[in-house]
Amino acid sequence: MWRELRDEGMGEREALSLLELNVRIRDALSRTLPDTCWIRAEMSDVRVNASSGHCYLEFVEKNPVTNHLVAKARGSIWARTFRILKPYFESETGQSFVSGLKVLVKVSVEFHELYGLSLNVLDIDPAYTLGDMARKRMEIIRQLQEEGVFTLNKELLFPVLPQRIAIITSPTAAGYEDFLNQLTHNKNGYVFYPKLFPALMQGEKTEASIIAALDRIFRHQDHFDVVVIIRGGGATSDLNSFDSYLLATNCAQFPLPIITGIGHERDDTVVDMVAHTRLKTPTAVAEFLISRMDVAMGELDGLRQDIISLVSDTLSRQKTYIRLLVARFPALARGHVERCRSTLRTMSGRLPAMASALLSRKRSLVENLELRLRNGVNVRLSENARQVQLTEQFIKMASPDYILRRGYSLTLKKGKIVKSVSALRAGDEVITRLMDGEIQSIIKE
């Protein structure tokens, strides 16, 4: 039953082959679209066929908020056109014709039955790419300013003697040799201590390579006075890496002053803007460092001259003072001797009276002490006599005879005073002592 329904349906509708459908799409596009049009897109996956010279790429568009792809189309630039467009674009923009750039291109839309939709590039407007690059550059600068790091490296104090130099560059760069020769053969014979931290200065890995070199310097920052980033010549298109936000923020926040000599005279890169000092070439950087040493030497010469002048003035004043002392010394000595003699005469005249007065004061002091001592001894003797009398009276009052005279009696048993009735028994012999005699008794009950 299903086969019957299917056969019935197939008979009622037209079925196209894939080729026929693609031919219709091609014809519809050809009738609907103009021969050429300008489109804005970002280049991706740019590849050049080495044998044919054709350039194959993809054009993409991303959501500005989420950065997700929203459109994509395959593109091609035939060798004859590519040989003209590439050098023209690079000379106008200063950028390599690589993936990631936003471009405005003139294309013809082609649809092939086998290969599908393709955009054939016929022309390119470098002004659009320059505008996009300038916009990105301004966005990076604004972001650095909003984060408060744009001028941090410029605010560092530059060392008085910038002798210990960390150099970031390619070991094979001609600018590196020029830089070292300039430093080594300076006319005043200043000594510098350069240390190379190798890095790539062109290509896609430039940013990561320079940041890695900065990290290595950071771990030994106490051993250096300044950091120099130099690049000897090269294509202007290779400067794109120095407009990187990540590299710029690393340079801006680096704890040592950074000097750039990237070898170009056009507009500054963002790294140049955030560096402490920007110079055109590696040779200019070397001349700048030597000039800073000249300034320090000039200040030292000035200080030396000031010290010499100050010492000369001081010595001159001291010599004048000594000459005055020598001239006035005899009179000063005579005056001093006369003052001493006068003092002695005055002391000699006052000495008898002073001695007599002193003896009188000492004699009066001795008499006062003698009187106080005598009075003190008498008072102490009187107090001791009174104490003896009181003690004698107390002893008398505590004696048995004194108690007996007052009417009391003492009972003794075997010569010992009886203090309690419990100590006596019937038949015991006791003696009762009275004031005027003793009574012998026997206890009956």
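As a convention, each chain's residues are numbered from 1 in the sequence order in which they are written. In view of the model being predicted, local features appear only for residues whose pLDDT reaches at least 70, and side-chain atom pairs are presented and counted only at 80 or more, with totals across whole chains, interfaces and linings using the full set of residues. Values shown for side chains rest on all heavy atoms present in the structure; no hydrogens or waters enter the calculation.

Peer 1: I keep staring at unusual backbone geometry and nothing clicks. Help me out?
Peer 2: In most cases, non-glycine residues show a negative phi, while peptide bonds are predominantly trans. Phi angles above zero are rare outside glycine, and Asp45 is one such case at about 55°. Starting at the N terminus, helices and strands are each numbered in turn, a helix being any DSSP run of H or I of at least four residues and a strand any DSSP run of E of at least two. Locating Asp45 in the fold gives a position in strand 1 (residues 37–48).

Peer 1: Explain the sheet that holds strand 4 (residues 102–112) to me, please; I cannot follow it from the model alone.
Peer 2: The strands that make up a sheet are held in pairs by hydrogen bonds between backbone atoms, and each pair lies either parallel or antiparallel. Strand order in this closed barrel of 5 strands is 1-2-3-5-4, and the pairing throughout is mixed. Within this sheet the neighbouring strands show an average axis-to-axis angle of 55°, counted without direction. DSSP bridges decide pairing: two strands pair if at least two such bridges lie between them. As defined by bridge partners, strand 3 (residues 69–77) adjoins strand 5 (residues 116–124) across 2 bridges and the pair is classed as parallel. Opposite Gly75, over in strand 5, you have Leu119 as the bridge partner. Should any heavy atoms of two residues lie within 4.5 Å, those residues are considered in contact. Lines fitted to the C-alpha atoms define the axes, with helices restricted to the stretch that makes contact. Angles between their N-to-C directions range from 0 to 180 degrees. The strands that helix 4 (residues 126–146) touches are strand 1, strand 4 and strand 5; relative to strand 4, the one it contacts most, it runs at about 130°.

Peer 1: Any chance you could explain the packing of aromatic side chains here in plain terms?
Peer 2: The geometry of an aromatic ring pair is captured by two quantities: the separation of the ring centres and the angle between the planes. Planes of paired rings set the category: under 30 degrees apart is stacked, over 60 is edge-to-face and the rest tilted, where pairs are Phe, Tyr or Trp rings (Trp by its six-membered ring) whose centres lie within 6.5 Å. According to the stated counting rule, one finds 6 aromatic pairs in the structure shown. Consider the rings of Phe82 and Phe97, whose centres lie 5.8 Å apart with planes at 70°: the pair is edge-to-face. Of this pair, Phe82 sits in helix 3 (residues 79–93) while Phe97 is found in the loop between helix 3 and strand 4, placing the two residues 15 residues apart along the sequence. Judged by relative accessible area, which is 8%, Phe82 ranks as buried. Residues Phe218 and Phe254 carry aromatic rings whose centres are separated by 6.4 Å and whose planes lie at 65° to one another, so their mutual orientation is edge-to-face. Of this pair, Phe218 sits in helix 6 (residues 206–218) while Phe254 is found in the loop between helix 7 (245–252) and strand 9 (258–261), placing the two residues 36 residues apart along the sequence. Linked through ring pairs, Phe82, Phe89 and Phe97 together constitute an aromatic cluster. When a residue's accessible area, from a 1.4 Å probe over protein chains only, is under 20% of the maximum for its type it is buried; when over 50% it is exposed; and in between it is partly exposed.

Peer 1: For this particular structure, what's the right way to read a nonpolar patch on the surface?
Peer 2: Nonpolar side chains collect at one region of the surface, where Tyr321, Ile322, Leu325, Val326 and Leu332 lie side by side and expose about 480 Å² of accessible area between them. Structurally, the position occupied by Leu332 is in helix 9 (residues 282–398). Leu332 sits in the partly exposed class, given a relative accessible area of 40%. Residues enter a patch when their relative accessible area is above 30% and they make no salt bridge; the linking distance is 9 Å between like charges and 5 Å between nonpolar side chains (Val, Leu, Ile, Met, Phe, Trp, Tyr). For the accessible areas, the method is Shrake-Rupley and the probe is 1.4 Å, while residue cover comes only from the protein chains on display. Any carboxyl oxygen of Asp or Glu that lies within 4 Å of a side-chain nitrogen of Lys or Arg is treated as forming a salt bridge with it.

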